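Breakdown of the fold
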Amino acid sequence: MSEVKISAETRSEFGKGAARRIRRDSKVPGVLYGHGSDPLHLTLPGHELLLALRTPNVLISLDIDGKTNELAIPKSVQRDPIKGFLEHVDLQLVKRGETVTVEIPVHAEGELAAGGNLLEHVLNALPVEAEATHIPEAVTVSVEGLEAGASVLAKDITLPKGTKLAVDGETVVLQVLAAQAEEAPEGESEGEESAEA
């Protein structure tokens, strides 16, 4: 698991106007909370934070005002729906050795059985408990040779050492669906079908 160092500043201005000024300076307003302490309002460098957030559940080492160092993981990230830039981030305070519940991405590898079957990701991310400084980046599941009707349950997924499921083991994560026969007359495209639906 990667740990990224980011310098942050405490902020005392709140509201939309203050948030706009912060973003205009290529920074992101954020809140750090956890461990029963009062929420700490921060200003974070936009570009560094954007790069850090490319890694799911990244561990962020915050240098706050050059005085204190805190470890945090992202809990909620708000982006502009059109331009995609960061609008706000909520960070959860963590300590080394502490167990946290996070969601890790599920990646499928391998070829399904012949026949044009489709793989459905029922869960794109798997809820797990892991030590805050050893959160896995993702889990990979082999779907090699699975046929229509087959499912991969949470309990079937091999987790990295020190990681436990935070969801019922019988939860379906992936399932294989049978390819549906086309009933449309020849010459009619899928685009026309979906437009009618």
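Refer to the structure printed above.
Computed from a prediction, not measured in an experiment: that's the story for all the values here.

1. Focus: the overall build of the protein
- A count of helical and extended segments in the protein gives 3 helices and 13 strands.
- What you see for the protein is a C-alpha radius of gyration of 22 Å, clearly larger than the 16 Å of a compact globule of 197 residues, by over 25%.
- On the principal axes, the C-alpha backbone points of the protein span a range of 65 × 45 × 25 Å.
- Expressed as a percentage of its 197 residues, the buried residues of the protein come to 35%.
- Long-range contacts, defined as pairs at least 24 residues apart, comprise 63% of the intrachain contacts of the protein with a sequence gap of at least 6.

2. Focus on the sheet that holds strand S2 (residues 27–34)
- An order of S1-S3-S2-S6-S5-S4 is seen for the 6 strands of this closed barrel, with the pairing classed as mixed. Taken over all neighbouring pairs, the strand axes of this sheet differ in orientation by 45° on average, direction set aside.
- In this structure, strand S1 (residues 3–10) lies alongside strand S3 (residues 37–45), joined through 2 bridges in antiparallel fashion. Bridge pairing in S3 links Glu9 to Thr43.
- Together, S2, S3 and strand S6 (86–94) form the strand contacts of helix H1 (residues 16–24), whose direction differs from that of S2 by roughly 120°.

3. A closer look at the sheet that holds strand S13 (residues 172–177)
- Spatially, S8-S13-S11 is the arrangement adopted by the 3 strands of the open sheet, whose pairing is antiparallel. Of all strands in the sheet, those with a lone pairing partner are strand S8 (118–121) and strand S11 (151–153), marking the two edges. Averaged over all adjacent pairs, the angle separating strand axes in this sheet is 15°, with direction ignored.
- Strand direction decides the pairing type here: S11 and S13, joined by 3 bridges, are antiparallel. Counterpart to Val152 in the pairing with S13 is Leu174.

4. Observations regarding the environment of Ala132
- Along the chain, Ala132 turns up in the loop between strand S9 (125–131) and strand S10 (139–142).
- Between the alpha carbons of Ala132 and Pro81 there is a distance of 30 Å; along the sequence they are 51 residues apart.

5. Quick notes on the side chain of Thr163
- When you line up the elements, Thr163 lands in the loop between S11 and strand S12 (164–165).
- Discounting chain neighbours no more than four positions away, the residues touching Thr163 are Val128, Glu129, Ala130 and Pro136.

6. Considering the environment of Ala166
- Counting through the fold element by element, Ala166 comes out in the loop between S12 and S13.
- Through-space distance from the C-alpha of Ala166 to that of Val128 is 4.4 Å; in sequence the pair is 38 residues apart.
- Not counting chain neighbours up to four residues away, the residues in contact with Ala166 comprise Thr101, Pro127, Val128 and Glu129.

7. Considerations on the pairing of S2
- By the criterion of burial, S2 is predominantly enclosed, with 6 of the 8 residues buried.
- Joining the antiparallel neighbours S2 and S3 is a turn of 2 residues, in which His35 adopts a positive phi near 55°.
- The sheet contact formed by S2 and S6 spans 4 bridges and is parallel. Its bridge partner being in S6, Tyr33 is matched across the sheet by Gln92.

8. With respect to the pairing of strand S4 (residues 59–64)
- Counting buried residues along S4, 5 of its 6 residues qualify, which places the element largely inside the surrounding structure.
- Relative to S4, S1 runs parallel, the two being bridged by 6 bridges. The partner of Glu3 across the bridge, within S4, is Leu59.
- Two strands pair when backbone bridges link them, and S4 and strand S5 (residues 68–79) are joined in this way by 5 bridges, in the antiparallel orientation. The partner of Asp63 across the bridge, within S5, is Asn69.

9. A closer look at H1
- Buried within H1 we find Ala18, Ala19 and Ile22. The buried residues of H1 occupy an angular sector of 100° when the element is viewed end-on, so they sit on one face. Across H1 from its buried face, at more than 90 degrees, point the exposed residues Lys16 and Arg24.
- The inward-facing, buried residues of H1 contact S2 and S3.
- Ser26 sits one or two positions beyond H1 and adopts a positive phi of about 60°.

Cut-offs applied
Residues numbered from 1 in each chain as written. Predicted model: local features only at pLDDT ≥ 70, side-chain atom pairs only at ≥ 80, totals over all residues. Heavy atoms only, no water. Helix = DSSP H or I, 4+ residues; strand = E, 2+ residues; numbered from the N terminus. Rg over C-alpha atoms; globule rule 2.2 N^0.38 Å. Buried < 20%, exposed > 50% of the residue type's maximum accessible area, 1.4 Å probe, protein only. Contact = heavy atoms within 4.5 Å. Pairing = 2+ DSSP bridges. Axes fitted to C-alpha atoms, helices over the stretch in contact; angles between N-to-C directions. Arc of directions from axis to C-beta.

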